[in-house]
Amino acid sequence: SQQGEEDPQALSIQEGENATMNCSYKTSINNLQWYRQNSGRGLVHLILIRSNEREKHSGRLRVTLDTSKKSSSLLITASRAADTASYFCATPRTQGGSEKLVFGKGMKLTVNP
Amino acid sequence: DAGITQSPRYKITETGRQVTLMCHQTWSHSYMFWYRQDLGHGLRLIYYSAAADITDKGEVPDGYVVSRSKTENFPLTLESATRSQTSVYFCASSESGGYNEQFFGPGTRLTVL
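Residues numbered from 1 in each chain as written. Chains lettered and ligands numbered in written order. Predicted model: local features only at pLDDT ≥ 70, side-chain atom pairs only at ≥ 80, totals over all residues. Heavy atoms only, no water.

Participant: What am I meant to see in the overall build of chain B here?
Facilitator: The helix and strand inventory of chain B stands at zero helices and 11 strands. Reading chain B from its N end, one meets helices and strands in the order β-β-β-β-β-β-β-β-β-β-β. Relative to its length of 113 residues, chain B is compact, with a C-alpha radius of gyration of 13 Å against a globular reference of 13 Å. In terms of overall dimensions, chain B has C-alpha extents of about 35 × 25 × 25 Å along its principal axes. Surface exposure of chain B reaches about 5400 Å², of which carbon and sulfur atoms provide 48%. (Helix = DSSP H or I, 4+ residues; strand = E, 2+ residues; numbered from the N terminus. Rg over C-alpha atoms; globule rule 2.2 N^0.38 Å. Areas by Shrake-Rupley, 256 points an atom, 1.4 Å probe, with all protein chains shown as cover.)

Shown next, in the form of structure tokens:
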């Protein structure tokens, strides 16, 4: 079953604009991760935010985490055509004493030049 | 080459045949994972391994077998391939199950006729 759900499922913007993607999850977590997947490629880790952090930056990326609302957002500022990709949030889930990541279905971002 | 590799990158097989997908990582990560990615389902965990000789089922393990005799290798075998196993398969590795980022291979596109 899904743990994280991205919203919106698809977003199309112009180059230079900001893109915001949201992720909601259901159970308590110790971290939340965002990944990017370019067409035909494997996923690439973007950023990890821990449950005791509210905001984290990495270059043009800004991630927030609101544990009270069980939600996270990924903001890409000054988007570029190269940001066109699918973006996934992932949260840990404990199963049988070990943790594993559960990925959302992803959100497709298209940045038009 | 450093990193995580998968082979083959593309495979076409017939229903009922046995197929093995290979995954190799050079970081000595404890954890390794197999996912399948299908339209509408996102990324689903098939099997994962916390260490050599320790494996566990994920969300969709039926029809698949894994082994981990060496830390760096985690092969996935489809014992009798079915059309429903047509998918893109990704291998990933990590220092932990859910506390750290996962590193993904480039994927294997498998078609079962």
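Participant: What is the right way to read the sheet that holds strand β6 (residues 55-58) of chain A from this model?
Facilitator: Hydrogen bonds along the backbone pair up the strands of a sheet, which may run parallel or antiparallel. Residue and element names in this part refer to chain A. With antiparallel pairing, the five strands of this open sheet are ordered in space as β1-β3-β8-β7-β6. The outermost strands of the open sheet, each flanked by one partner alone, are β1 (5-7) and β6. Going across the sheet, the axis of each strand differs from the next one's by a mean of 20°, ignoring polarity. (Pairing = 2+ DSSP bridges. Axes fitted to C-alpha atoms, helices over the stretch in contact; angles between N-to-C directions.)

Participant: How do you make sense of the state of the cysteines when you look at a structure like this?
Facilitator: Formally, a disulfide is one covalent bond, and it connects the sulfur atom of one cysteine to the sulfur atom of another. All chains considered together, the criterion is met by two disulfides over all chains. A sulfur-sulfur distance of 2.1 Å marks the disulfide that ties Cys23(A) to Cys89(A). Around the S-S axis, the bridge from Cys23(A) to Cys89(A) shows a dihedral of about 70° and counts as right-handed. With Cys23(A) in strand β3 (residues 19-24) and Cys89(A) in strand β9 (residues 85-95), this residue pair connects regions lying 66 residues apart in the sequence. When sorted by exposure, Cys23(A) lands in the same class as Cys89(A), which is buried. With its sulfur 1.8 Å from that of its partner, Cys23(B) forms a disulfide with Cys91(B). Taking the torsion about the sulfur-sulfur bond, which here is approximately -75°, the covalent link between Cys23(B) and Cys91(B) counts as left-handed. With Cys23(B) in strand β3 (residues 19-25) and Cys91(B) in strand β9 (residues 87-94), this pair connects stretches of sequence that are 68 residues apart. For the pair Cys23(B) and Cys91(B), a shared accessibility class is recorded, and that class is buried. (Disulfide = S-S within 2.5 Å. Buried < 20%, exposed > 50% of the residue type's maximum accessible area, 1.4 Å probe, protein only.)

Participant: I'm lost on the side chain of His29(B) in this one. Help?
Facilitator: Here His29(B) is to be found in the loop between β3 and β4 (31-38). Contact partners of His29(B), with chain neighbours within four places excluded, come to Arg68(B), Thr71(B), Ser93(B), Ser94(B), Glu95(B) and Phe103(B). (Contact = heavy atoms within 4.5 Å.)

Participant: What is the right way to read the nonpolar core from this model?
Facilitator: Residue and element names in this part refer to chain A. With 22 residues, the main nonpolar core has Met21, Leu32, Trp34, Leu74, Ile76, Tyr87 and Leu109 as its most contacted residues. Listing elements by their share of this core, those giving two or more residues are β3, β4 (31-37), β5 (43-50), β7 (61-66), β8 (71-76), β9 and β11 (107-112). Not counting the four nearest positions on each side in its chain, Leu32 is found in contact with Cys23, Tyr25, Ile47, Leu48, Ile49, Leu65, Ser72, Cys89, Ala90 and Thr91. (Core = buried A, V, L, I, M, F, W, Y, C linked by side-chain atoms within 4.5 Å.)

Participant: Is there a simple way to think about the interface of chain B and chain A in this case?
Facilitator: The accessible area lost on association of the parts is a frequent measure of interface size. In this complex, chain B contributes 23 residues to the contact, which on the side of chain A involves 24 residues. Between chain B and chain A the total buried area reaches about 1800 Å² when both faces are included, carbon and sulfur atoms providing 48% of it. Linking chain B to chain A there are zero salt bridges. Linking chain B with chain A are six residue pairs in polar contact (both at pLDDT 80 or more). Going through the elements one at a time, β4, β5 (42-51) and β6 (54-57) of chain B are the ones with two or more residues in the side of chain B that touches chain A. Here the side of chain B that touches chain A gets four residues from one element, more than from any other, and that element is β5(B). (Buried area = accessible area lost by both parts, 1.4 Å probe. Salt bridge = Lys/Arg side-chain N within 4 Å of Asp/Glu carboxyl O. Polar contact = N/O pair within 3.5 Å; in protein donor to acceptor, adjacent residues only side chain to side chain.)

Participant: Which parts of the structure should I look at to understand the side chain of Thr13(B)?
Facilitator: Residues and elements named next belong to chain B. Tracing the chain through its elements places Thr13 in strand β2 (residues 10-13). Assessed through its relative accessible area of 6%, Thr13 is described here as buried. In contact with Thr13, other than residues within four places in its own chain, are Val19, Ala81, Leu110, Thr111, Val112 and Leu113.

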